[in-house]
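An overview of the molecular structure
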Amino acid sequence: MIPAQFDYVRPGDVAEAVRVLAESEEPKVMAGGQSLTPLLRFRLAYPDVVVDLGGLTELRGVADEGEWLRIGAMTTHDEVIHDPLVAAHCPLLAQATHTVADPAVRHRGTLGGSLAHADPAGDLPAVALALDAEFLVSGEDGDRAVPASEFFQDYLTTVLDIGDVLTAVRFPKLTGWSFHYKKFSQTAQAWAIVGVAAAVRRDDGSVAEARVGLTNMGSTPIRARQVEEACRGVPARTDALREAAQSADAGTDPPNDLSAQADYRRHLARVLTGRALAAAAGL
Amino acid sequence: MTMAPESGTDQVGSPRLRKEDARLITGQTEWTDNIQQTGMLHVAFLRSPHAHARITSVDTSAAMQQPGVVAAYSGADFADEQGSLPCAWPVTEDMLLPAHPPMAVDEVRYVGEAVACVVARDAYSAADALEALDVEFEPLPAVIDMESALAEDTPLVHEGSGQGQGSNKAFEWPMAVGDVDSAFEGADIVLTRRYHQQRLIPAAMEPRSVVCRPDGDAFTLWSATQVPHIVRLMLAMTTGIPEHKIRVIAPDVGGGFGSKLQVTAEEVLALLLARRLRKPVKWTETRTEGFQTTHHGRDQIQDVSIAADSDGRIRGLKVDLLADMGAYMMLVTPGVPILGAFMFPGIYKMDAYSFHCTGVFTTKMPTDAYRGAGRPEATYAIERIVTELADEIGMDPMELRRRNWITHDEFPYTGIAGLTYDSGNYEAATDRAVELFDYDGLRAEQRRRRESGDPVQLGIGISTYTEMCGLAPSRVLGQLSYGAGGWENAAVRMLPTGKVEVVTGTSPHGQGHVTSWSQIVADQLGVPFEDVEVLHGDTRVAPKGMDTYGSRSLVVGGTAVVQACDRVLDKARRLAAHMMEANEDDLEFSDGRFTVRGTERPSTSLQEVALAAFAAHDLPEGAEASLDADATFDPENFSYPHGTHLCAVEVDTETGQVSLRSYTAVDDVGTVINPSIVDGQVHGGLAQGIAQALFEEAVYDTDGNLVTSTMADYTVPTAADLPDFTLDRTTTPATTNPLGAKGVGEAGTIASTPAVVGAVVDALRPFGVRDMRMPCTPQRVWRAVAEAREAGRSEGGQR
């Protein structure tokens, strides 16, 4: 690749990363580089400095925090997929992560990198949104926690400022819930045309609660709140969940692109949401 | 158990591991972009952002001030020496052949056309300095689709050059055999279909790259090319630099699929820049540059009519073709659809056939050879329409094929398009494929799913294809106005120690010639496989050759190797007879040793003969001190691989997703030298044919921008998108070459596209779907189902 010239810094700790970022005019954080590298290669990004978080081992790994799982931002996709705590308490994240790109990308790409990149066609933002994850951020003014519902602002845009580093993401342990991520793409190793992250809590023969996050149905990941409402108390049957999923595209603004026009995406969102809910409900 | 052969015999037919692979997979390779030269400069091109525009000014002065920049040039700076990129196949005498300057001078005609260049001390400086080049354009109207291009009062692609003669029509090429009118008038059924062969991007794994070094008054040029010999000849003819002063090397080359069967602007300009600057220069394309400016494939509109009796007998076929040339004629651009002209009748007997092709200029990247080159397009059309004919008649599509194909006892058979198929056994390949595929079982499942209204429908697609390969008899190429012959050359050299050097004029770029040629030579000369070295891809090392494309290398080049081996043995026999004090006629040669027939006298090995020839102490009268020989083989006929491919797909009618459930390919490629290599060729070929059916399309917007200019947008499938293929072979040796080989490089691609699309249409037939545009993306399939359902409703629910 032949990018434009930039400086490269590999900080030794988060504080240094924050300081370097804050002092730069147009910095870019590299957290695995699987999205940033193409942007540099296409000369779509002209950072003056690339701050590589690859040396920050304290940002790697999964910790059990009681009600929450705390996953370091620099934990690779492959590590997430194979982590026993994730498998036990947040299997939806592992399942969705397994659909990200190909093995080479999953060995370098990171959870934090994916989420901070905030590509609405990426698989993990919708999962974080559906699970009400919490984003831990270190910045010039100290640390703060941002709920998923506030983190994603627009296309490739989050609440992170220059000088902010996403250090970890906390996922609530949802006991009694079951999950499914349904990804629909044209080739196996591609971005989702539409993706659906579904979580269901059953109460015997009916659905007590459901949560649905949508991938690539707007400029940010979207919660399908109407579907969640419609699911409440319905019988745990495929036809009922498919019916509840009919409002999956309500409030979305899906893109028109080469792989799909908006009307097709709306249709897919309805069909796939029904299927994802049914699969999550064990049907 | 059988013992591994100690001698070289029985190598042909053995799945030897490839000699190439240990080096390739451990990175011990020499790709063109890896080549470093002292003082080497790097070239970057500024490319047109317009599909069609007049160049009003080029200012290189600011770029010249950039750090590291050595030179910057516009097309005008090379106007006197760059010539016009060659087209070797003027298919008609009156074909429009507009000038094609390597770097545009006055006008650009596709997005990506080179307009100016920067030469710098490193690739980064060159890329940075491009942004300082100041080029002004006056946009002209883009001409994107072929039918609009042919309409009256359409802007002309080549008006500015004064060569357009008032039309975007480049040529018309007609052909008719038999009484077409009466075949159609007398037929019970006439079916007409329009098929679109979408434009494809070859996307070889290794990007194009070229390095050129001045050596005194001569030049060495490395290029990621399939055709070093053609490049050398054409560079000489284009630039006027004498042919003997140009050496072209194709080092390790990572795939081509026809896209490196080309003489490119960048090769010409690398040569001219090296001459002007007296320094080695390098250029390597980025992937997006490659997508925009490495020639594309396909892009035809086919209007096809078939006439048949109600019992399914085919009477005639009419094909009216629009072929998109793009903006210029490149090496064989116009010849690609003409090659297809001979393949539309496929394996079927009929009374009459007509073909008419109109070549059309548009403001897009030129098209040219892409795996199959004309033959996949033709095979698609005939295999699709034959299936539709069966449906129209209410006959099983396999039964309709059986009623019309050339039967095994009819070979050799001269078909309606004039080709003489030397050999084939369509019955055997089909019977085997039907058995492996479980055709009857899948048809039964299909019926069940249709009856139960399963949202996931099953479809079965059939392709009983043949192709013409082994390009090509020089005499035929001459009749088709091609600018060169189709022979191939080989040399076999016995070294004093008995080792063997084989020089081939073919130029492998992934095909494994080093391995296959070693197997052939090991058997011919009775020497160990390991003792054979195969040299290729360098016009100084392998001075004569016609290179690699069109499934020709084994059929033509392999035959030349066999002939050269025969000549080596003729020389060796004479010397051996002298050494053994025997009559030549009494010598037998097997397993690498000469023996005197009917005696117990000690044998003499070929290695001993080679050493004696080298020493030359005691040669027979008039013999030379060498066992070396070369041979040039020019085939009398094409070769005709064939086979039966069966595909089963599941189509999710709610989402439009197509899943390949199973794929059976039974190919008859004649004698197989290395089964693993042949399997690999079939696998890759299937992947590319399936890619056209389901995944790939080069899309230009109405302004002429290539929208699919990255790997993210141009969806090349990977192994993860493909099923496990069920492969088998029947073997009906070709009668037209001593190996009996037919070629396999393109078979999978040619066969698979209609099988897959046929399966998708078959799955959706209950909904009233009769055709699908390629690629059959989920969205297209979903819309087709939705539209068919809508049409069904508006017909009052008659379906």
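Residues numbered from 1 in each chain as written. Chains lettered and ligands numbered in written order. Predicted model: local features only at pLDDT ≥ 70, side-chain atom pairs only at ≥ 80, totals over all residues. Heavy atoms only, no water.

Take unusual backbone geometry next. Residues and elements named next belong to chain B. A cis amide bond, omega -5°, links Phe411 with the succeeding residue Pro412. Its place among the elements puts Pro412 in the loop between α11 (397-404) and β16 (413-414). Cis geometry is found at the peptide bond from Met774 to Pro775, where omega equals -10°. Residue position: Pro775 is located in the loop between α19 (747-764) and α20 (778-794). A positive phi angle is found at Ser551, which is not glycine, with a value near 45°. For Ser551, the position within the fold is in the loop between β21 (532-535) and α16 (553-580). (Helix = DSSP H or I, 4+ residues; strand = E, 2+ residues; numbered from the N terminus.)

The next thing to look at is the environment of Ile520(B). Residue and element names in this part refer to chain B. Relative to the helices and strands, Ile520 is located in helix α15 (residues 513-525). Taking the C-alpha atoms as reference points, Ile520 and Leu24, 496 residues apart in sequence, are found 22 Å from one another. Residues within four places of Ile520 in sequence aside, it is in contact with Val12, Leu554, Val561, Val562, Ile673 and Leu739. (Contact = heavy atoms within 4.5 Å.)

Turning to the domain arrangement of chain A, a few remarks are in order. Once the domains are mapped, chain A shows domain 1 (7-52) and domain 2 (177-281). Of note, the centres of domain 1 of chain A and domain 2 of chain A, computed from C-alpha atoms alone, are 35 Å apart. (Domains from an automatic or database assignment.)

For the rest of this paragraph, the subject is the interface of chain A and chain B. On the side of chain B, 29 residues touch chain A, which itself brings 26 residues to the contact. In terms of surface lost to chain B, no three residues of chain A exceed Gln186(A), Leu258(A) and Tyr264(A), which account for 28% of the buried area on that side. Applying the counting rule to chain A against chain B returns six salt bridges. A salt bridge links Asp128(B) to Arg43(A); the shortest N-O distance between them is 2.8 Å. Joining chain A to chain B, the criterion identifies 14 residue pairs in polar contact (both at pLDDT 80 or more). Broken down by element, the side of chain A that touches chain B gets its largest block of residues, seven residues, from helix α12 (residues 262-280) of chain A. (Buried area = accessible area lost by both parts, 1.4 Å probe. Salt bridge = Lys/Arg side-chain N within 4 Å of Asp/Glu carboxyl O. Polar contact = N/O pair within 3.5 Å; in protein donor to acceptor, adjacent residues only side chain to side chain.)

Time to look at the pairing of strand β5 (residues 68-72) of chain A. All names here are of chain A. Two elements, strand β4 (residues 62-65) and β5, share four bridges in a ladder whose sense is antiparallel. Residue pairing for β5: Asp64 is matched across the bridge by Leu69. Note: β5 against strand β10 (residues 165-172), five bridges, orientation antiparallel. Within the sheet, the bridge partner assigned to Leu69 lies in β10 and is Phe171. (Pairing = 2+ DSSP bridges.)

Here we come to the pattern of salt bridges. All names here are of chain B. Per the stated rule, a full pass over the model turns up 82 salt bridges over all chains. Among the salt bridges present, the one from Glu138 reaches Arg54, with a minimum N-O distance of 3.1 Å. On the criterion of sequence distance, the pair formed by Glu138 in strand β6 (residues 134-139) and Arg54 in strand β2 (residues 53-59) is long-range, its members being 84 residues apart. Of the charged contacts in the structure, one is a salt bridge between Glu266 and Arg208, with a shortest N-O distance of 2.7 Å. Of the two residues, Glu266 sits in helix α7 (residues 265-277) while Arg208 sits in the loop between β8 (189-200) and β9 (209-215), which places them 58 residues apart along the sequence. Among the ionic contacts, a cluster of salt bridges with common partners joins Arg193, Arg384, Glu388, Asp391, Asp396, Arg443, Arg450, Asp762, Arg765, Arg770 and Asp771.

So, on to the side chain of Ser639(B). Residue and element names in this part refer to chain B. With respect to the helices and strands, the residue Ser639 is situated in the loop between β25 (629-633) and β26 (642-652). You can call Ser639 buried: its relative accessible area is 1%. Within polar-contact distance, the side chain of Ser639 engages the backbone oxygen of Lys742 at 2.7 Å. Beyond its immediate stretch of four places on either side in the chain, Ser639 contacts Glu467, Met468, Cys469, Gly470, Val555, Ala741 and Lys742. (Buried < 20%, exposed > 50% of the residue type's maximum accessible area, 1.4 Å probe, protein only.)

For the rest of this paragraph, the subject is the packing of α16(B) against helix α17 (residues 606-615) of chain B. Residue and element names in this part refer to chain B. Two elements in contact, α16 and α17, have axes separated by 10 Å at closest approach and are oriented at 85°. It follows that α16 is roughly perpendicular to α17 by the angle criterion. Along the contact surface, α16 presents Leu569, Ala572, Leu575, Ala576 and Met579, while α17 presents Leu606, Glu608, Val609, Ala612 and Ala613. A class-by-class count of the residues in the contact of α16 with α17 yields nine nonpolar, no polar and one charged. (Axes fitted to C-alpha atoms, helices over the stretch in contact; angles between N-to-C directions. Parallel < 35°, antiparallel > 145°, perpendicular 65-115°, else oblique. Nonpolar A, V, L, I, M, F, W, Y, C, P; charged D, E, K, R; others polar.)

Attention now moves to the sheet that holds strand β24 (residues 604-605) of chain B. All names here are of chain B. If you walk across this open sheet you meet the three strands as β22-β23-β24, and the pairing is antiparallel. Since the sheet does not close on itself, it has two edges, and those belong to β22 (587-590) and β24, each with one partner. Pairing of strand β23 (residues 593-596) with β24, which is carried by two bridges, proceeds in the antiparallel orientation. Looking at the pairing, Phe594 lines up with Thr604 of β24. Its contacts with the sheet put α16 on β22, β23 and β24, and the angle it makes with β23 is roughly 50°.

This paragraph deals with α15(B). At 3.6 residues per turn, the α-helix brings residues three or four places apart onto the same side. Residue and element names in this part refer to chain B. With 13 residues, α15 extends 17 Å from end C-alpha to end C-alpha; this agrees with the ideal 18 Å at 1.5 Å per step. Counting buried positions over the 13 residues of α15 gives 11, a clear majority of the element. Of the residues one or two after α15, Gly526 is the one with positive phi, at around 65°. (Expected span 1.5 Å × (residues − 1).)

All names here are of chain B. Core analysis: the biggest nonpolar cluster contains 152 residues, and Phe171, Trp173, Phe355, Ile690 and Leu694 have the highest contact counts within it. Looking at this core, the element that brings in the most residues is α7, giving nine residues. Counting contributing residues, this core receives three or more from each of domain 2 (38-371) and domain 3 (406-469 + 638-790). One finds Val534, Ala564, Leu587 and Val596 within the second-largest nonpolar core, a separate group that totals 42 residues. (Core = buried A, V, L, I, M, F, W, Y, C linked by side-chain atoms within 4.5 Å.)

Attention now moves to the pairing of strand β15 (residues 352-361) of chain B. All names here are of chain B. Counting buried positions along β15 gives nine out of 10 residues, so the element sits mostly inside the fold. Relative to β15, strand β7 (residues 169-177) is paired through eight bridges, and the arrangement is antiparallel. Counterpart to Ala176 in the pairing with β15 is Ser354. Once the chain exits strand β14 (residues 314-326) it traverses helix α9 (residues 335-341) before rejoining the sheet at β15, and the crossover so formed is right-handed. (Right-handed = clockwise from strand over helix to strand, strands pointing away.)

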